[in-house]
Amino acid sequence: MPLVSISNVDMRYGGPQGTLAVSGLDMAIERGEFVAVVGPSGCGKSTLMKLVTGLHIPQAGVVTVAGDRVTKPVSIVGMAFQNPTMLPWRTTLDNILLPLEIVERHRHRLRANKKEYVAKAEALLETVGLKGFGDKFPWQLSGGMQQRANLCRALIHEPELLMLDEPFGALDAFTREELWCVIRDLHASQDVTIVLVTHDLRESVFLADTVYVMSARPGRVVAEHRVPFARPRDLSIMYEPAFNEMVQKLHGEIATARAVA
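Numbers given to residues run from 1 along each chain, matching the order in which its sequence is written. Residue-level local features of this predicted model are given only where pLDDT is at least 70; pairs of side-chain atoms are given and counted only at 80 or more, and the full residue set underlies all totals for whole chains, interfaces and linings. Derived side-chain values reflect all non-hydrogen atoms in the structure, with water molecules and hydrogen atoms excluded from consideration.

An unreviewed UniProt entry annotates the protein chain as NitT/TauT family transport system ATP-binding protein of Devosia enhydra. UniProt positions are given in the numbering used here, feature names are shortened, and annotations may be inferred rather than shown by experiment. Here is the UniProt Sequence similarities (unreviewed entry) comment for the protein chain, exactly as written: "Belongs to the ABC transporter superfamily."

This is the structure in structure tokens:
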């Protein structure tokens, strides 16, 4: 059974006559899979994120996560966005621990086992190259460092599903590629399923097992591609003809989707 199943889903904003964001949306994501979702602006990629996490409930169709129909916010999900939104008055370590104060199954354990959770947060920081930065405040970190800490915060409560909404879009190209390698290694080392929404087609092909292409609004899946390159992938793969051919194919499909909007 897929970890995430989206079956014939319609989602409309603003009442019965409002904007139809997605229509007839179908998608199945296996446990442990890394999925990327691409498409023209306004195609419903962010709506997809909200449907899977239970922040929106569709007017038609069914979304299931871990075998349960989604009717409320899903607790097994971690999320990271383009803007890290770190709380400036909390240290990096305390920002990472914040979800544990909110997620019910961890809240009662946090006080009794704080040392255990601090050790886990520090291990995550080391994994993303931020060892020793736990006592720094967000304003003492670069944008790339904040996004690394943001990934740690999304993973601290050991989610089964990690949703990434344009998490590297605001970063310079060099830092972005560094973080591609960080998330590649996190996926390999953590038992987590990842869904990445991105406009960067190279990013999607470098990181994902499967790339879904969505149409212009109302969004639906118009193409599904298995990424054929073996893992682990090195950044040098981006100079190989087969990699660039796949990127160009995605580019053409998105251009077509935009043209028929």
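Taken domain by domain, the protein chain consists of domain 1 (1-76 + 160-175 + 193-260) and domain 2 (84-159). Here domain 1 and domain 2 have C-alpha centroids that lie 26 Å from each other. Contacts between the two partners involve 10 residues from domain 1, matched on the other side by 9 residues from domain 2. When two components associate, each loses some accessible surface as probed by a 1.4 Å sphere; the sum of these losses over both components is called the buried area. Of the roughly 700 Å² buried at the junction of domain 1 and domain 2 (both faces included), carbon and sulfur atoms supply 71%. Under the rule applied, a polar contact is a pair of N or O atoms within 3.5 Å (in protein, one hydrogen donor and one hydrogen acceptor; residues adjacent in sequence only if both atoms are side-chain atoms). Across the domain 1-domain 2 interface, the total number found is 1 residue pair in polar contact (both at pLDDT 80 or more). When residues in the side of domain 1 that touches domain 2 are grouped by element, the largest group, 3 residues, is from strand β7 (residues 161-165). The split of the chain into domains comes from an automatic or database domain assignment. Residue contacts are counted whenever heavy atoms from the two residues lie within 4.5 Å of one another. For helices the rule is a DSSP run of H or I covering at least 4 residues; for strands it is a run of E covering at least 2, with both sets numbered from the N terminus onward.

The topology assignment puts Glu122 in helix α4 (residues 114-127). Taking the C-alpha atoms as reference points, Glu122 and Leu250, separated by 128 residues in sequence, lie 38 Å from one another.

By definition, the strands of a sheet pair up through backbone hydrogen bonds, in either a parallel or an antiparallel sense. In this description, strands pair whenever DSSP reports at least two bridges between them. Taken together, the 6 strands give an open sheet; going across it, the order is β6-β7-β8-β3-β9-β10, and neighbouring strands pair in mixed fashion. Bordering the open sheet on either side are β6 (77-81) and β10 (221-226), each of which pairs with just one other strand. Across the sheet, the mean angle separating the axes of adjacent strands is 15 degrees when strand polarity is ignored. Of the strands in this sheet, β3 (34-38), β6, β7, β8 (193-197) and β9 (210-214) are in contact with helix α1 (residues 45-53), which crosses β7 at around 155 degrees. Working convention: axes come from line fits to C-alpha atoms, limited for helices to the stretch in contact. Angles between N-to-C directions cover 0 to 180 degrees.

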